[in-house]
There are 6 protein chains.
Amino acid sequence: MTARHVVVGNHDRVDPALVAALGAGGVATVHEAQGRSGLFLPRLRPIYPGATVSGTAVTVLCRPGDNLMIHLAVEGCRAGDVLVVAMTAESEDGLLGELLATSLRAHGVVAAILDCGVRDVAALREMEFPVWSRAVSAEGTSKIAAGSVNVPVVCAGQSVSPGDAIVADDDGVVCVPAASAAAVLARVTERVAAEVALRVRLATGELSADIQGLRDLAVSLGVEYVDGISPG
Amino acid sequence: MTARHVVVGNHDRVDPALVAALGAGGVATVHEAQGRSGLFLPRLRPIYPGATVSGTAVTVLCRPGDNLMIHLAVEGCRAGDVLVVAMTAESEDGLLGELLATSLRAHGVVAAILDCGVRDVAALREMEFPVWSRAVSAEGTSKIAAGSVNVPVVCAGQSVSPGDAIVADDDGVVCVPAASAAAVLARVTERVAAEVALRVRLATGELSADIQGLRDLAVSLGVEYVDGISPG
Amino acid sequence: MTARHVVVGNHDRVDPALVAALGAGGVATVHEAQGRSGLFLPRLRPIYPGATVSGTAVTVLCRPGDNLMIHLAVEGCRAGDVLVVAMTAESEDGLLGELLATSLRAHGVVAAILDCGVRDVAALREMEFPVWSRAVSAEGTSKIAAGSVNVPVVCAGQSVSPGDAIVADDDGVVCVPAASAAAVLARVTERVAAEVALRVRLATGELSADIQGLRDLAVSLGVEYVDGISPG
Amino acid sequence: MTARHVVVGNHDRVDPALVAALGAGGVATVHEAQGRSGLFLPRLRPIYPGATVSGTAVTVLCRPGDNLMIHLAVEGCRAGDVLVVAMTAESEDGLLGELLATSLRAHGVVAAILDCGVRDVAALREMEFPVWSRAVSAEGTSKIAAGSVNVPVVCAGQSVSPGDAIVADDDGVVCVPAASAAAVLARVTERVAAEVALRVRLATGELSADIQGLRDLAVSLGVEYVDGISPG
Amino acid sequence: MTARHVVVGNHDRVDPALVAALGAGGVATVHEAQGRSGLFLPRLRPIYPGATVSGTAVTVLCRPGDNLMIHLAVEGCRAGDVLVVAMTAESEDGLLGELLATSLRAHGVVAAILDCGVRDVAALREMEFPVWSRAVSAEGTSKIAAGSVNVPVVCAGQSVSPGDAIVADDDGVVCVPAASAAAVLARVTERVAAEVALRVRLATGELSADIQGLRDLAVSLGVEYVDGISPG
Amino acid sequence: MTARHVVVGNHDRVDPALVAALGAGGVATVHEAQGRSGLFLPRLRPIYPGATVSGTAVTVLCRPGDNLMIHLAVEGCRAGDVLVVAMTAESEDGLLGELLATSLRAHGVVAAILDCGVRDVAALREMEFPVWSRAVSAEGTSKIAAGSVNVPVVCAGQSVSPGDAIVADDDGVVCVPAASAAAVLARVTERVAAEVALRVRLATGELSADIQGLRDLAVSLGVEYVDGISPG
């Protein structure tokens, strides 16, 4: 049986250019582009509005109330990484604050995704280190519990492997597995172009019901039009 | 038995002048003025602070994860409407984003109230299209499930009929049934005047306990004053 | 048996200078400095970002949906007090709004901590009266239910006695019992100094794993280093 | 404007034979038979397993923590009624216990549906008075707050009018509006017959995928069969 | 400043005869009898129905996911004690299972109240060791985190001191402070007698509205009787 | 890019003898034996007490409110399988009832694990088909949404691959990956033996604090013994 608690030193990462291009698409579009998969549960919220990031996942698995493994993860981080912290059990304790953020930034990390709490949020906002978390909590942490670094984890309902592409914005957080990043980007590009064209038509009052033939579909599903609107 | 899924084309609406006047009162005052009724559950929150709207309800009933009926609702909308989306079962999926908001705005809709999730919130904030929702989620949607447009619905615990007045601000969302809108407005006007006068007195240090005789009431309820404050 | 519902007029308060100094430390540091105790549950959130306050607790115990006892608490308040409202049962109703805040401010209260809802948040933000609450809700209140003022309460999971020091910021709310305020402040001062020094080292890329010897600890706990990072 | 707090004495009720026949169908079947509508939110759970009831709704609207209006509702109850208690705001306080159940039973009420808490559950189980509630809580009640009896309410997300048919079992609670009870019963009868026949086929190993042609549908939706199962 | 983590060896306990007599009253009655105070939050539920216990509190304060302090608490337990476990932060991990229950029983403990999870519930049910907890979870525990034994704690929203009387049944859990146990018992006895008499009257169809004069109260609160019931 | 929605026909399964032996260990022991990993979130609860099952996972990924893919999964099931249903977004709708259970049983499935709701629970209890779910809900389902069968999924926070061993009892649900099943079983066997021996010692009053040296550990962590108990 393999060791249960490991710190893995090396892993592949999605190409930075790919990651940046995915990030430009935004969370909602990337999520759609990969078949409505990869989204973290919406309980993860940004600590301040307007942040948009993309990067490659460094994964950490922690016990509730203990951030020992985040400390151990720092030295394996590189420029462009995003810290992804999963928990062995549900907890809202604040596992990351200003000091760890300072250390992570010094090693190139651009953001943190925490399926737990975060603290020092005023300082993090001031230093513009974006964090998506399930809670804000000053509940402090011990550094006494074994866990793992850079193993596959489940964070907020989403499987993440080290090196996967992570995109996060005001809409939430999405993971693009390394193996499919290029294919997803192709679809993202298509969708963005299509949405630009559609937005212009909708803004002038055209109806998606007309453009996409939705009324006929609805009628075929048993929807009746009554009292003044006819389905075509 | 009537059809189960319908799109209703025409319905009466509360007079726009009445709606605007109610909106000036704000959610908390309107709610008090109609006997502490009409409030949507507080799980509905605005996607950005400071927005205040009022309008007439266009109601939509959707299945979780499917926004077909929102698309079909657009063509029946008029200037001054507020979209109210109820669900057949609890869900946080993001049923509305920038494209639908663009389309709704082109048809006069001033805001959306969603008992589900919303996506593209950065874009919605930038275009200043206010939304009250129970979650932010990039979880995308299908367009394959039948529902209804402009039938009476229950949205976040509140009954809403098409054409009712809706007021929403940072405190939440309240519905004023069309039949009682004029009477409620009369009470709102009274309350606003009374509150202005009361605020001045409180700001100078007068006590509501004195102004409203609350200490005698408390003593009659069995409250004892001990150790230095006497009830009169 | 003592009376069940009381309004207590006089109580000791932590020295204002002590309170102010604790407030300068911030919630997360104060919480750590007193042995990770005193924190209110993270469900209490500020109604707008950036507020930082400290003060001495005036406690109120209310029934759900009724704010009679808050009205009765005002006259016992002094400059530098923080209102702490606990509930006899769980509720999100909005027990405090602009009028009560105006009255509280006129009597010196600097903030309110509510284990229930708050309303008129736009007005409170404008008048810069900070509130930490578990919900925003326009659900109004009666003034008909007996409760108590300035008795020991449990608010959001935390025991608070009248006169205790309260510190609140974006990270949450913490209570420092009057008896230990001086001792906690001493530790806060130590921690702040240590954190300043540590931040400088971490910002230049030093590892907490090195500074604090965490790798040896991890190995002793059974963590294995694999694939490229060695624990020393 | 109509009075805000009323006790309505008389209302129509669905025919008892219809109600009993609906009850025999069970909650899940009735819900399906009326187009997947009428279901109370699943947060309502029975206090003991195995109870199955049907009856006609007597509706009550209460303030959190106060059961005055339930006391006032008793005298209007008749044999075969089901008490349906809605709240003006969310609360888990225990508004009904053994004494009220004794009184309700003496007036013919067969069950209670509470969007709040219940207490004395051991006694209720022993006297076999079934209750569906959102919580069990000994949190007691005042009798000081005005509300209404036999007005239309929203209980656990569901609109209920006095006299509507209510069916409740281990699966939850469903409401059938008086106007459509006969039509829904006809559909219930059809469904029950169809399900009996289908159950026999499925028990012998036939596949619903074959019987209902679901594989072709899936393929048309873009589902691919790989590695050993073919869609036909 | 006093030590932050302590194991206190000796403490007073409420007299066993008093505790037993309180237990006979049941949770709902005890809670009412002490002025609707002392109730733990309703999130604590029994792991099997029908258990009723009373005893004296042994208090434990644990970190999430760690039960070291429960192990240390055992030797200070005596016949008739009830274990009360509070947490430093919210957690549902299963801190107690069959082995600890076996050990606690060997030292006289009759039940456990856990503001966290419990595991081995099938075994606990079979050995008839009742537990009230906020979750069932097999999530295991470490034994590495300092905490305290027999200090005042807040468990599920309720303050508990070592030696206080605890009563628990299907309705939940209530704490009676040692100092007021005798006075509360006197009230419990009165209430039980009054309820017996009232139950007889209600069972024969008398109305609490008549017995307690509730209709006049309601009318004075603004309730209107319409359509067939008159308030007197 | 691979197909997004697939039905996979063949997959390996853990050896039935291994699965049965793991099941005999129970959820809590298996979870401990594999290093406190593999546990589904405690929100999954059995629909009736006392059921204990083990089997090999057949995985299904569904959209909220739609069970098309469960219907398609049946024909790939074999004797000894356990159905594991994951969702693309959070939902409590009842995706499985008596008819599907009848069909699954006819194809050898022994239990279902659902990260959504279940319906017909009275019938399921009677036919003794155990289900672990996050809710009971009669909310019905469509059969119109594409998903997948027998792909790796995340169900209630736990990664599951087709063919993995699943153990479920009153404590919850745990997954043992196929690759480590034999190694985990070896540890389970050791633990069970050790627990039997330890139970005997604890039942006679020996202290785990003595047996495991926990007092010295506590003192080294800063715990102080005061007032009558000495740490050794």
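For the structure, see preceding data.
First, a word on what this report is: a plain description of the structure on this page. Computed from a predicted structure; not experimentally measured. (Residues numbered from 1 in each chain as written. Chains lettered and ligands numbered in written order. Predicted model: local features only at pLDDT ≥ 70, side-chain atom pairs only at ≥ 80, totals over all residues. Heavy atoms only, no water.)

### Brief notes about the relation of the copies chain C and chain A
Between chain C and chain A, which share one sequence, the superposing operator has a rotation angle of 120° and an axial displacement of 0.0 Å; the RMSD is 0.0 Å. Within this description, the copies of the chain are treated as partners about a three-fold rotation axis. (Least-squares fit on C-alpha atoms with pLDDT ≥ 70 in both.)

### What about the arrangement of the chains?
One thing to see here is that chain B and chain E don't touch, and their nearest C-alpha atoms sit 11 Å from each other. Where chain C comes nearest to chain F, the C-alpha atoms are still 11 Å apart, and the two do not contact one another. (Contact = heavy atoms within 4.5 Å.)

### Here's the deal with the interface of chain B and chain A
Tallying the contact residues gives 38 residues for chain B and 36 residues for chain A. Contact between chain B and chain A buries roughly 3,000 Å² in total, counting both sides, with carbon and sulfur atoms accounting for 60%. In this structure, the connection of chain B to chain A is made through 3 salt bridges. Residue Glu98(B) is joined to Arg199(A) by a salt bridge in which the shortest nitrogen-to-oxygen separation is 3.0 Å. At the surface where chain B touches chain A, the tally comes to 14 residue pairs in polar contact (both at pLDDT 80 or more). Among the elements of the structure, strand E1 (6-8), helix H3 (68-73), helix H4 (98-106) and helix H5 (121-126) of chain B are those that each provide at least two residues to the side of chain B that touches chain A. At 5 residues, the largest contribution of residues to the side of chain B that touches chain A is made by H4(B). Its residues assigned to classes, the side of chain B that touches chain A shows 17 nonpolar, 13 polar and 8 charged. Looking at chain direction, strand E12 (residues 224-226) of chain A and E1(B) are connected through 3 bridges and run parallel. Within E1(B), the position partnered with Val226(A) by the bridge is Val8(B). (Buried area = accessible area lost by both parts, 1.4 Å probe. Salt bridge = Lys/Arg side-chain N within 4 Å of Asp/Glu carboxyl O. Polar contact = N/O pair within 3.5 Å; in protein donor to acceptor, adjacent residues only side chain to side chain. Helix = DSSP H or I, 4+ residues; strand = E, 2+ residues; numbered from the N terminus. Nonpolar A, V, L, I, M, F, W, Y, C, P; charged D, E, K, R; others polar. Pairing = 2+ DSSP bridges.)

### Looking at the environment of Ala20(B)
Residue and element names in this part refer to chain B. The residue Ala20 is located in helix H1 (residues 16-25) in this model. What makes Ala20 partly exposed here is its relative accessible area of 46%. In the structure, Ala20 is positioned 171 residues away from Arg191 in sequence and 17 Å away in space, judged by C-alpha atoms. (Buried < 20%, exposed > 50% of the residue type's maximum accessible area, 1.4 Å probe, protein only.)

Treat this as a map of the structure, not an account of what it does.
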